[in-house]
Amino acid sequence: MANVKRSPWILHYDGSSCNGCDIEVLACMTPVYDAERLGVENTGDPMQADILLITGGINAQNAPVVKQLYDQMPRPKVVVAVGICACTGGVFKDCYNILGGADKVIPVDIYVPGCAARPESIIDGIVQARDLFQKRSEEHDALIRKQKMEKNAKENG
Amino acid sequence: MSQVTAVKTTTLDVPLESLLIKVLERRQANDRLVQICCAVIDNQYELLYTFSDDEAWEVTNLKVTCSLTAKIPSITRIYPYATFYENEMAELFGVPVEMIQNDYHGKFYRIGAKDPFLKASEKAQKEKEEEAAKEAETKKTQETPEEAADAPKEPADKAQGGAK
Amino acid sequence: MDKKSIIPFGPQHPVLPEPIHLDLEIQDEKVLRAIPNIGFIHRGLEGLVEKKDFNTMVYVAERICGICSFGHGMAYCEALEDVMHVEVPERAKFLRTIWMEFSRLHSHLLWLGLCADAFGFESLYYECWRIREHVLDVMENTTGGRIIFSVNQIGGVHRDLSDEQVRYLNTRLDAIEADVKNVEKTLFHDATIEKRTRGLGVLTKEQAHDLGAVGPFARASGIAIDMRQTGYEAYGQLDFAPVTAEDGDCYSRIVVRTKEIYQSIDLIRQALSKLPKGDLNVPIVRGMPKGEAMARVEQPRGEAIYYVHGDGTRFLKRFRVRTPTFANIAPLCHMLQGANYADVGILVLSIDPCISCTER
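Rules behind the numbers
Residues numbered from 1 in each chain as written. Chains lettered and ligands numbered in written order. Predicted model: local features only at pLDDT ≥ 70, side-chain atom pairs only at ≥ 80, totals over all residues. Helix = DSSP H or I, 4+ residues; strand = E, 2+ residues; numbered from the N terminus. Buried ≥ 20, exposed ≤ 12 C-beta atoms within 10 Å, placed from the backbone. Rg over C-alpha atoms; globule rule 2.2 N^0.38 Å. Pairing = 2+ DSSP bridges. Axes fitted to C-alpha atoms, helices over the stretch in contact; angles between N-to-C directions. Contact = placed C-beta atoms within 7 Å. Nonpolar A, V, L, I, M, F, W, Y, C, P; charged D, E, K, R; others polar. pLDDT = per-residue confidence, 0-100. Core = buried A, V, L, I, M, F, W, Y, C linked by C-beta atoms within 7 Å.

**Section: the overall build of chain A**
When you go through chain A residue by residue, the secondary structure sums to 4 helices and 7 strands. The N-to-C order of helical and strand elements in chain A reads β-α-β-β-β-α-β-α-β-β-α. In terms of overall dimensions, chain A has a C-alpha envelope of 60 × 35 × 20 Å along the principal axes. Buried residues in chain A amount to 48% of all 157 residues.

**Re the overall build of chain C**
Secondary structure summary: chain C contains 12 helices and 8 strands in total. Taking 21 Å as the expected radius of gyration for a compact globule of 360 residues, we find that chain C reaches 21 Å, a close match to that expectation. Each principal axis of the C-alpha distribution contributes one length, and for chain C these read about 70 × 45 × 35 Å. Residues classed as buried in chain C amount to 60% of the 360 residues present.

**As for the sheet that holds strand β7 (residues 302-311) of chain C**
Residue and element names in this part refer to chain C. Strand order across the open sheet formed by 3 strands is β6-β7-β8, with antiparallel pairing between neighbours. The sheet terminates laterally at β6 (290-299) and β8 (318-322), the two strands that pair on one side only. For this sheet the average axis-to-axis angle between neighbouring strands, irrespective of direction, equals 10°. Examined bridge by bridge, β6 and β7 share 10 bridges and lie antiparallel to one another.

**Examining the environment of Leu20 of chain B**
All names here are of chain B. Secondary-structure assignment places Leu20 in helix α1 (residues 19-28). Of the residues examined, Leu20 has 15 C-beta atoms within 10 Å and is grouped as partly exposed. As for Leu20 and Ile78, which are separated by 58 residues in sequence, their C-alpha atoms are 8.6 Å apart. In contact with Leu20, other than residues within four places in its own chain, are Pro73 and Ile75.

**Details of the sheet that holds strand β3 (residues 44-53) of chain B**
All names here are of chain B. Strand order in this open sheet of 4 strands is β1-β4-β3-β2, and the pairing throughout is mixed. Where the open sheet ends on each side, the last strands, each with one partner, are β1 (8-13) and β2 (32-41). With direction set aside, neighbouring strand axes in the sheet form an average angle of 20°. When β3 meets strand β4 (residues 58-66), the two strands line up antiparallel, connected through 9 bridges. The partner of Glu46 across the bridge, within β4, is Thr65. Against the sheet, α1 makes contact with β3 and β4, and its axis sits at roughly 170° relative to β4, the strand it touches most.

**Some words on the interface of chain A and chain C**
Contacts between chain A and chain C engage 32 residues on the former and 35 residues on the latter. Those elements giving two or more residues to the side of chain A that touches chain C turn out to be β1 (9-14), α1 (20-28) and α2 (62-72) of chain A. In terms of residues, the side of chain A that touches chain C owes the most to one element, α1 of chain A, which gives 6 residues. Across the side of chain A that touches chain C, the residue classes tally to 16 nonpolar, 11 polar and 5 charged.

**Let's talk about the interface of chain A and chain B**
In this assembly, 4 residues from chain A lie in contact with 5 residues from chain B. The residue inventory of the side of chain A that touches chain B, partitioned by class, reads 2 nonpolar, 2 polar and no charged.

**Focus on the confidence of the model for chain C**
Mean pLDDT over chain C works out to 88, with 99% of the residues at or above the 70 mark. The ipTM for the predicted assembly is 0.86, set against a pTM of 0.88.

**Describing the environment of Val40 of chain A**
All names here are of chain A. Among the secondary structure elements, Val40 is positioned in the loop between α1 and β2 (41-43). Note on Val40: 23 C-beta atoms within 10 Å, which makes it buried. Counting along the chain gives 11 residues from Val40 to Met29, while the straight-line C-alpha distance between them is 8.7 Å. With residues near it in sequence (within four places) discarded, Val40 still touches Ser7, Pro8, Trp9, Ile10, Ala35, Ile126 and Arg130.

**Describing the nonpolar core**
Leu52, Ile54, Val80 and Val82 of chain A together with Met57 and Tyr306 of chain C are the most contacted members of the largest nonpolar core, which totals 206 residues. Broken down by element, this core gets its largest block of residues, 15 residues, from helix α3 (residues 90-118) of chain C. Beyond its immediate stretch of four places on either side in the chain, Tyr306 of chain C contacts Ala75, Tyr76, Ala79, Met294, Ala295 and Val321 of chain C.

**Thoughts on the environment of Gly90 of chain A**
Residue and element names in this part refer to chain A. Residue placement: Gly90 occurs in the loop between α3 (84-87) and β6 (98-100). Residue Gly90 is classed as buried on the basis of its 25 C-beta neighbours within 10 Å. Separated by 46 residues in sequence, Gly90 and Gly44 have C-alpha atoms that sit 26 Å apart. Leaving out residues up to four positions away in the same chain, Gly90 has contacts with Gly57, Ile84, Cys85 and Cys115.

**Quick word on the pairing of strand β2 (residues 21-27) of chain C**
Residues and elements named next belong to chain C. Direction of pairing for strand β1 (residues 5-9) relative to β2: antiparallel, over a ladder of 5 bridges. Directly across from Ile6, in β2, lies its bridge partner Glu25. Sheet topology places β2 next to strand β3 (residues 30-37); 7 bridges connect them, and they run antiparallel. What sits directly across from Gln27, in β3, is Lys30. The hairpin turn running from β2 into β3, its antiparallel successor, is 2 residues long, and Asp28 in that turn takes a positive phi close to 50°.

Below, the structure written as structure tokens:
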């Protein structure tokens with residue numbers, strides 16, 4: 001990976017997960033798998049996070065919470081659905097309280113299947129998220145530059 | 001050496017009226033409330049209260065079978081931590097538990113569906129029984145004013161005696 | 001000065017791996033009352049008994065919780081074996097015991113790491129989880145899965161341990177034990193850990209009993225109760241006594257769980273040495289489950305109850321799980337009364353909460 005400009009911070013939230021994917025996400029951040037060598041860090045603050053790792057399906061209670069967390073994250077942001085429950089609802093799809101995967105409430109960019117998703121898959125998802133985040137950052141930067149130039153042109157001419 | 005303890009399990013069928021007394025007996029024996037389980041079998045609630053004597057390794061199950069509209073008394077005054085089990089029962093199964101200490105009023109799990117563990121047929125049966133109970137109640141209150149008109153008047157000094 | 005405020009704790013919090021919401025009534029930085037609001041992980045999986053037959057429900061039962069996964073699958077099978085009067089072969093019982101104890105090992109190491117992370121001791125957190133990776137390697141080698149194993153079936157298990165794997169397990173256990181001994185020096189003697197946990201969140205023996213506490217949480221307060229004493233699976237043939245502590249504070253809970261790690265390693269060694277030859281499972285030929293049964297097992301967090309009720313069809317009438325954290329919520333709320341707001345995170349973690357188990 002050449003020219004890595006930014007190291008995105010990760011916010012991990014458990015929607016209605018059995019905790020299997022969550023501990024694999026945490027295992028990715030610890031020695032042996034160590035996703036932190038890619039520059040990502042696990043933060044607890046949504047306002048400082050760039051990548052949202054969401055596990056577990058969406059149910060009636062956590063739908064507003066997930067929406068709020070997504071809204072609190074500043075742009076550019078990337079959402080990764082980790083585990084089959086976050087992708088589609090998984091084995092609990094037919095439960096009365098599960099609405100479906102994370103894409104029922106927020107736009108998901110990357111889907112990492114598995115039950116529980118293996119650390120290798122999660123790291124692959126994080127690497128793809130980091131690349132997507134870089135692309136979005138550059139687009140965001142270009143947009144800000146363009147807006148600044150237009151503003152300057154208006155003020156001067 | 002390994003402690004292999006044979007657990008003695010007793011299951012008692014308890015009528016609803018005797019529930020509180022039986023639970024008090026368990027409290028008196030210093031048993032721990034292990035769990036309260038609710039199931040719907042043949043259009044009736046089957047409640048299982050499990051108590052354990054941890055030192056003697058004895059488990060007592062109190063099984064209460066009652067109709068879908070029977071009023072169940074809460075045992076939270078005897079075992080305060082039963083509140084979580086009873087709130088769960090009330091929310092998921094629609095069990096009409098009364099006088100729960102720390103009643104969440106159906107918002108313990110805050111799920112969207114009402115009584116999700118009751119099948120459609122069981123819900124219909126419950127509504128039927130509730131309607132029948134309401135009608136019986138209304139009939140009782142309608143009869144009372146007529147009965148009061150026929151009954152002999154109470155002596156006036158009784159009321160004055162209370163005021164003294 | 002008398003102003004009270006209600007501060008929400010959770011569902012998203014850096015210290016919490018799982019969402020739980022507590023409304024904390026606070027006055028002058030002290031917690032007066034804690035009101036739990038749960039339901040974020042409520043999937044309602046017990047209702048799936050109407051849609052999935054009793055054989056497939058094992059896979060749902062395993063996924064009640066990823067940390068206690070093996071115990072859930074095993075106990076569900078035990079309850080159904082009780083209803084259908086199936087006698088599991090001895091080898092399967094020993095294998096189940098071995099995997100259950102490995103499950104407990106990984107759970108306690110996970111908790112020790114999270115506990116260290118809660119009071120900022122990140123290097124200890126990383127070290128505990130690094131040791132835990134040894135345990136997960138073992139699980140992957142023997143069952144194929146790191147977290148969800150899917151080896152239980154009604155009637156036994158469907159994977160075996162070869163002699164080579166038995167030797168491999170013994171070598172790995174030695175390595176894990178040596179690593180934990182290294183970490184123990186820090187856990188029991190580091191001044192910062194003692195300062196943060198000694199005398200914090202004290203629950204006396206009487207309070208623990210009156211509030212229905214179970215598992216290491218209760219054992220740390222001196223109540224010597226452990227479901228493994230009832231001898232289910234192969235525990236009856238192994239040397240075992242519950243680990244207890246006397247003080248009932250957060251430090252005692254760390255001590256109890258660390259000692260249980262050694263106890264689990266010892267139990268696995270005993271089981272491996274006594275592993276009998278034989279079948280892995282018995283085929284279920286006698287129809288559908290009819291009747292009710294209750295299985296009681298010792299999950300890493302305490303006593304868990306599994307109640308099944310079958311009516312003779314392939315779909316169970318009721319499957320109810322009462323997990324240890326559900327029983328520990330009441331003593332947790334009691335423990336939080338009078339605590340400092342800054343200590344709430346470590347107190348909540350000290351009961352080893354497994355919210356996905358609690359809410360199912």
